[in-house]
Amino acid sequence: MTRLHFYAGVFVAPFVIVAALTGLLYARTSQLDRLLCGDELRVQQVTGAPRPLTGQVRAAMAARPERKAAKTLLPPSEEETPESR
């Protein structure tokens, strides 16, 4: 029984370790995005009047007609993107 437990641990442990590490990375995705791409998640200068949300959605749908809009996220401020939260 001890030998069976040992071999089960030897074969299962790598999968548990990989699952734990990838789960940790997945849980910290937003923090990693801010760390790696923080300068791309902020707007340097806002010019002109804000465009209506419906116009922005139409422009996105025209640019990628094969995709379907599932939801719309509003930014916390004019200088930030929704992902910069």
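Here, every reference points to the structure presented above.
Here the structure is a predicted model, which means the values were calculated and not measured. (Residues numbered from 1 in each chain as written. Predicted model: local features only at pLDDT ≥ 70, side-chain atom pairs only at ≥ 80, totals over all residues. Heavy atoms only, no water.)

Asks: When you look at the packing of aromatic side chains in this model, what are you seeing that I'm missing?
Replies: In this description, a pair of aromatic rings is defined by centroid distance and the angle of the planes. In this structure the tally under the stated criterion is one aromatic pair. Measuring from centroid to centroid gives 5.3 Å for phenylalanine 6 and tyrosine 7, while their planes differ by 65°, and the two rings are edge-to-face. Overall, tyrosine 7 belongs to the partly exposed group, its relative accessible area being 41%. (Phe/Tyr/Trp six-rings, centres within 6.5 Å; stacked < 30°, edge-to-face > 60°. Buried < 20%, exposed > 50% of the residue type's maximum accessible area, 1.4 Å probe, protein only.)

Asks: Would you explain the packing of helix α1 (residues 2-27) against helix α2 (residues 29-37) in this entry?
Replies: Two measures define how a pair of helices packs: the angle their axes make with one another and the distance between the axes. Closest axis-to-axis distance for the α1/α2 pair is 5 Å, and the angle between their directions is 65°. Across the interface between the two elements, Leu25, Tyr26 and Ala27 from α1 touch Thr29, Gln31 and Leu32 from α2. For the contact of α1 with α2, a count of residues per class yields four nonpolar, two polar and no charged. (Axes fitted to C-alpha atoms, helices over the stretch in contact; angles between N-to-C directions. Helix = DSSP H or I, 4+ residues; strand = E, 2+ residues; numbered from the N terminus. Contact = heavy atoms within 4.5 Å. Nonpolar A, V, L, I, M, F, W, Y, C, P; charged D, E, K, R; others polar.)

Asks: It is not clear to me how a nonpolar patch on the surface should be interpreted in this structure. Could you clarify?
Replies: Among the surface-exposed residues, Phe6, Tyr7, Val10, Phe11, Val12 and Val16 lie close enough to one another that they form a single nonpolar patch of about 600 Å² accessible area. Mapped onto the secondary structure, valine 12 falls in helix α1. By relative accessible area, which is 45% here, valine 12 ends up partly exposed. (Patch = residues over 30% accessible without salt bridge, like charges linked within 9 Å, V, L, I, M, F, W, Y side chains within 5 Å. Areas by Shrake-Rupley, 256 points an atom, 1.4 Å probe, with all protein chains shown as cover. Salt bridge = Lys/Arg side-chain N within 4 Å of Asp/Glu carboxyl O.)

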